[in-house]
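# Examining the three-dimensional arrangement
The lines below spell out each chain.
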Amino acid sequence: MDCGAFLYFVGLAYCFIGLSAITARFFQSMENVVKHTRKVVVINPLNNTPTFKYEKVWNYTIADITLLAFGTSFPQISLATIDAIRNLGNLYAGGLGPGTLVGSAAFDLFPIHAVCVVVPKAGELKRISDVGVWLVELFWSFWAYIWLYIILKIWTPDMVTLWESLLTVLQFGLLLIHAYAQDKRWPYLSLPLARSERPLEWVPEEDLPCKDVSFNREYSEITEVGDDGDRNIVDIFSIHSSDGIVYEAVPTSEASQSSAAKFQKNTSTEDPHFLLLWRQQFMDALKLESTESRKMENICARVASISWQLLLLPWRLMFAFVPPYDVAHGWIAFIFSLLFISGIAYIVTKLTDLISCVTGINAYVIAFTALASGTSWPDLVASKIAAERQTTADSAIANIICSNSVNIYVGIGIPWLIDTAYNFCAYQQPLYIQDAGGLSFALVVFFITSMGCISVLVLRRLTLGAELGGPKIWAWVTCVYFMLLWLIFVVLSSLKVSGII
């Protein structure tokens, strides 16, 4: 029994490694989606000359909430949805999905904030540029958990109705509308707070290794070239395209017009460049040594690097089937990445059932700890990269706050909507929640500890002038404090659902 449990835990850890690997491809596809631009023709009022400009299709705030927060939360959402589908026909909801999502919210808020605070260089301060949008996102995040508590303990204790689950899902749309209204400063719907200057791109230009744009400008995939020509796809926040608003004179000749049309052409699956890129993905997946590892003088470190790459080899070969990011502005690669994430989440649910059966550990305890930490890895990676590369703290903190909202409105709302709709049609019954008292207790603990977390962020803003970075000693003190809050949540919640307290 002990040996079996150990193997199941090893399998679970290997699935989390797979999630980490597919996250890199997911970020790349998302970057191509976000940097998509459209051409707009305008008339210059000074000389009546036609000009055109390229504007980004995606709004800054909406991209943070939907693509970034929703995408990085997709492992938890997939796990909860799969758990709900497996539970169809049962009047009681499974605890795996809700427990993972509440535990993931705690992991997002405490450990990820702890990492982001210490990531900036010593003395470097990174502050939120749009406090109004952050306050809107923070309000909907807190309201999500208050709403969940109202459902479970006040409105319809220990059960969820079809209308409650439907209202839960619809509130995600209200979050999007309210955040967009605040970003655009709509009257009556936005807070009268000024927004400091923020970069057009998610990150500013910086000195990076030589980059080569593959073949020509009509292809948007950018590769990083090492000394030996080895190409590695750069991460989402390291691409600095010039796709901001660019004005140029509109050409009048037919040749120029056809050239402009060619510039707007998208890569098709019949294009030989597309096939070359796809073949290169498989070749890169088979490489066990990078340029950096070849330069290592320490043999042990080099062997460890090769061993790690060998461990990742099955995942890398599998994920090489994700189409290149050039196609359809990255949407196909984006969807394929989410499908792979869903597949891994299904395996995780099976392994978790086996671990709970073999060890006798409460499913909620596993969800609060191992599952929440493992499935929140994409959130950690995204926020860490944003904190490193961005000049502001907007996307790093927005990803944390919005992921928590997505976890409730979508991650719990959709699975409950599936189960409540089925129970309503088949049995005319609501969905009953097992151990609703333990889940409600976890919500209360999370709410109290989250107030402590947000209070420290506000205090840092008032004293240091920024939420992230600052003097290293204070950054590490804040980091330790956030980790203690997470430990308090995990210990108290686990003890409650286990019936110890």
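This text gives an overview of the structure that appears in the document. Fair warning: this is a prediction, and the values are worked out from it, not measured in the lab.

This part is about the overall build of the chain. Along the chain, the regular secondary structure elements total 16 helices and eleven strands. Residue burial in the chain is summarised as follows: out of 501 residues, 49% are buried. If you take every contact in the chain between residues at least 6 apart in sequence, the share linking residues at least 24 apart comes to 79%. Of the roughly 22,400 Å² of accessible surface on the chain, 68% is carried by carbon and sulfur atoms.

On to the pairing of strand E1 (residues 37-43). With seven bridges connecting them, E1 and strand E2 (residues 50-56) associate as antiparallel partners. Of the residues in E2, the one forming a bridge with Val41 is Phe52. Counted between consecutive antiparallel strands, the loop separating E1 from E2 contains six residues, among which Asn48 sits at a positive phi close to 55°.

Moving on, we get to unusual backbone geometry. Here Asp158, not a glycine, exhibits a phi torsion of approximately 65°, which is positive. Residue position: Asp158 is located in the loop between helix H5 (131-155) and strand E5 (159-160). What makes Asp158 partly exposed here is its relative accessible area of 36%.

Where nonpolar side chains cluster on the molecular surface, the patch consists of Trp155, Trp163, Leu166, Leu167 and Leu170 and spans about 550 Å² of accessible area. Considering the arrangement of structural elements, one finds Trp155 in helix H5.

Where helix H11 (residues 331-359) meets helix H12 (residues 363-375), the closest approach of the two axes is 10 Å, and the angle between their N-to-C directions is 130°. Taken together, the axes of H11 and H12 lie oblique to each other. Crossing angle aside, the handedness with which H11 passes H12 is right-handed. Contact residues: Val348, Thr352, Ile355 and Ser356 in H11; Ala363, Ile366 and Leu371 in H12.

The subject of this paragraph is empty space enclosed by the protein. Evaluated as defined, the whole model comprises three cavities of 30 Å³ or more. Its volume calculated, the largest cavity comes out at about 100 Å³. Forming the walls of the largest cavity are eleven residues, and the residues nearest its centre are Asp64, Val133, Glu137, Asp394 and Ala398. When contributions to the lining of the largest cavity are tallied by element, the ones reaching two or more residues are helix H2 (60-72), H5 and helix H14 (394-427).

Our focus in this paragraph is helix H13 (residues 377-389). Spanning 13 residues, H13 covers 18 Å between terminal C-alpha atoms, matching the ideal 18 Å at 1.5 Å per step. Taken together, the buried positions of H13 are Pro378, Asp379, Leu380, Ala382, Ser383, Ile385, Ala386 and Ala387.

Here the focus is the sheet that holds strand E10 (residues 431-433). One open sheet holds the three strands; their spatial order is E3-E10-E5, and the pairing between them is mixed. Of all the strands in the sheet, just strand E3 (92-93) and E5 have a single pairing partner and so form its edges. In this sheet, E10 lies alongside E3 in parallel orientation, the contact comprising two bridges. Paired with Tyr92 across the strands is Tyr432, a residue of E10.

Now for the pattern of salt bridges. Working definition: two side chains of opposite charge can pair if their charged atoms are close together. One pass over the structure, following the stated rule, counts six salt bridges. Linking Asp130 and Arg185 is a salt bridge whose minimum nitrogen-to-oxygen distance equals 3.1 Å. Of this pair, Asp130 sits in the loop between strand E4 (125-126) and H5 while Arg185 sits in the loop between helix H6 (162-184) and strand E6 (211-213), and the two are 55 residues apart along the sequence. In this structure Asp130 comes out as buried when scored by relative accessible area, which is 2%. Residue classification places Arg185 among the partly exposed residues on the basis of a relative accessible area of 25%. Across the pair Asp284 and Lys287 runs a salt bridge, and its minimum N-O distance is 3.7 Å.

Further remarks concern helix H3 (residues 74-86). Between its first and last C-alpha, H3 extends 18 Å over 13 residues, near the 18 Å set by a 1.5 Å rise per residue. Among the 13 residues that make up H3, eleven are buried, leaving the element largely enclosed by the rest of the structure. Along H3, the residues classified as buried are Phe74, Pro75, Gln76, Ile77, Ser78, Leu79, Ala80, Thr81, Ile82, Asp83 and Ala84.

Two elements in contact, H6 and H14, have axes separated by 7 Å at closest approach and are oriented at 150°. Taken together, the axes of H6 and H14 lie roughly antiparallel to each other. Where H6 crosses over H14, the two elements pack in a sense that is left-handed. Across the interface between the two elements, Leu162, Ser165, Leu166, Thr168, Val169, Gln171, Phe172 and Leu175 of H6 pack against Ser405, Val406, Ile408, Tyr409, Val410, Gly413, Ile414, Trp416, Leu417, Thr420, Ala421 and Phe424 of H14. Among the residues forming the contact of H6 with H14, the class breakdown is 14 nonpolar, six polar and no charged.

Cut-off values and rules
Residues numbered from 1 in each chain as written. Predicted model: local features only at pLDDT ≥ 70, side-chain atom pairs only at ≥ 80, totals over all residues. Heavy atoms only, no water. Helix = DSSP H or I, 4+ residues; strand = E, 2+ residues; numbered from the N terminus. Buried < 20%, exposed > 50% of the residue type's maximum accessible area, 1.4 Å probe, protein only. Contact = heavy atoms within 4.5 Å. Areas by Shrake-Rupley, 256 points an atom, 1.4 Å probe, with all protein chains shown as cover. Pairing = 2+ DSSP bridges. Patch = residues over 30% accessible without salt bridge, like charges linked within 9 Å, V, L, I, M, F, W, Y side chains within 5 Å. Salt bridge = Lys/Arg side-chain N within 4 Å of Asp/Glu carboxyl O. Axes fitted to C-alpha atoms, helices over the stretch in contact; angles between N-to-C directions. Parallel < 35°, antiparallel > 145°, perpendicular 65-115°, else oblique. Left-handed = near helix turned anticlockwise from the far one by under 90°. 1 Å grid on protein atoms, 1.4 Å probe; cavity = no way out; pocket = protein on both sides within 12 Å on 5 of 7 lines; lining within 4 Å. Points joined across faces, edges and corners; volume = space filled by probe spheres on them. Expected span 1.5 Å × (residues − 1). Nonpolar A, V, L, I, M, F, W, Y, C, P; charged D, E, K, R; others polar.

By themselves, these observations are geometric and do not establish any function.
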